[in-house]
Amino acid sequence: MEIDAKKLLEQAAAAAKNAYAPYSGFAVGAALLAESGKVFTGCNVENSSFSPSVCAERTAVVKAVSEGERHFKAIAVVGRQNPCFPCGVCRQVLAEFCDKDFCIYVYDGGEPKLFTLGELLPHAFFIAKTGN
Ligand code: THU
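The rules behind each value
Residues numbered from 1 in each chain as written. Predicted model: local features only at pLDDT ≥ 70, side-chain atom pairs only at ≥ 80, totals over all residues. Heavy atoms only, no water. Near = heavy atom within 4 Å. Polar contact = N/O pair within 3.5 Å; in protein donor to acceptor, adjacent residues only side chain to side chain. Areas by Shrake-Rupley, 256 points an atom, 1.4 Å probe, with all protein chains shown as cover. Salt bridge = Lys/Arg side-chain N within 4 Å of Asp/Glu carboxyl O. Helix = DSSP H or I, 4+ residues; strand = E, 2+ residues; numbered from the N terminus. Buried < 20%, exposed > 50% of the residue type's maximum accessible area, 1.4 Å probe, protein only. Phe/Tyr/Trp six-rings, centres within 6.5 Å; stacked < 30°, edge-to-face > 60°. Contact = heavy atoms within 4.5 Å. Arc of directions from axis to C-beta. Core = buried A, V, L, I, M, F, W, Y, C linked by side-chain atoms within 4.5 Å.

Close to the ligand lie Ser24, Phe26, Val28, Asn44, Glu46, Cys55, Ala56, Glu57, Phe85, Pro86 and Cys87, which account for all nearby residues. Taking Ala56, its main chain carries an N or O atom lying 2.9 Å from an oxygen atom of the ligand. Here an oxygen atom of the ligand and a side-chain polar atom of Glu57 are 2.5 Å apart. The protein chains hide 78% of the 370 Å² of surface that the ligand would expose on its own.

A few words on the pattern of salt bridges. The tally for this structure, following the rule as stated, stands at two salt bridges. Ionic pairing is found between Lys6 and Glu111, a salt bridge with its closest N-O pair at 3.4 Å. Here the residue Lys6 occupies a position in helix H1 (residues 5-16), and Glu111 occupies one in the loop between strand E4 (103-106) and strand E5 (113-116), the gap between them amounting to 105 residues. Given the relative accessible area of 54%, Glu111 is considered exposed. Its salt-bridge partner being Asp108, residue Lys113 comes within 3.7 Å of it at the nearest N-O pair. Judged by relative accessible area, which is 38%, Lys113 ranks as partly exposed. Residue class for Asp108 comes out partly exposed when judged on its relative accessible area of 38%.

Evaluation of the coordinates by the stated rule reveals three aromatic pairs. Seen in terms of ring centroids, Tyr23 and Phe50 are 5.8 Å apart; in terms of plane orientation they differ by 50 degrees. Their pairing is tilted. Here Phe50 lies in the loop between strand E2 (39-43) and helix H2 (56-66) and Tyr23 lies in the loop between H1 and strand E1 (28-34), a separation of 27 residues in the sequence. Relative accessible area serves as the criterion here: at 42%, Tyr23 is assigned to the partly exposed category. Residue Phe50 is classed as exposed on the basis of its relative accessible area, which comes to 55%.

On the secondary structure map, Ala30 appears in strand E1. When the C-alpha atoms of Ala30 and Cys84 are compared, they prove to be 10 Å apart, with 54 residues separating the residues in sequence. Aside from chain neighbours lying at most four places away, what touches Ala30 is Ala12, Ala15, Phe40, Thr41, Gly42, Ala56, Glu57, Ile75 and Ala76.

Within the span of helix H3 (residues 88-97), buried status applies to Cys90, Arg91, Leu94 and Ala95. Burial along H3 is one-sided: seen end-on, the buried residues are contained in an arc of 145 degrees. Buried residues along H3 sit against H2, strand E3 (72-79), E4 and helix H4 (117-120).

Core analysis: the biggest nonpolar cluster contains 24 residues, and Leu32, Phe72, Ile75, Leu94, Phe102, Ile104 and Leu117 have the highest contact counts within it. Of all the elements in the fold, those that place two or more residues in this core are E1, H2, E3, H3, E4 and H4. Listed in part, the 11 residues of the second largest apolar core include Ala5, Leu8, Ala74 and Tyr105.

With that settled, consider unusual backbone geometry. Cis geometry is adopted by the peptide bond preceding Pro83, which originates at Asn82 and carries an omega value of 0 degrees. Within the secondary structure, Pro83 sits in the loop between E3 and H3. Phi is positive for Phe50, which is not a glycine, with a value near 60 degrees. Phi is positive for His123, close to 60 degrees, though the residue is something other than glycine. Within the fold, His123 resides in the segment after H4.

Structure (structure tokens):
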């Protein structure tokens, strides 16, 4: 299956419209393409206590995993300023479910810009799994 990166970026931009970002004013949207072909979108959801705030990418991952999806091909991220790269925490969360060749698309005003997870998070942290 070919990845339609432009469409994925459009879906991310649409998701950013739902961002709840009253503290930073920085809306972010993400669109996560599962191997099944389904797309899970997410936006950032901030909190007055700040630390419970969740990024757009993690919203999308948690939505997908909670719907039974664990295998992913790509994510597109669009922010109030672009290119908007996934933060370090989101890179680590993506590494939990995605291979090094997982595609991360950001928007820089032109064609979708592609990075792999391996490029953005070399030497991710892992420990042995003991369950499912
Ligand atoms: N944010 C994301 O949603 N994704 C990113 O990749 C970077 C940062 C959010 C977190 C916070 O709500 C706002 O952007 C400013 O940091």
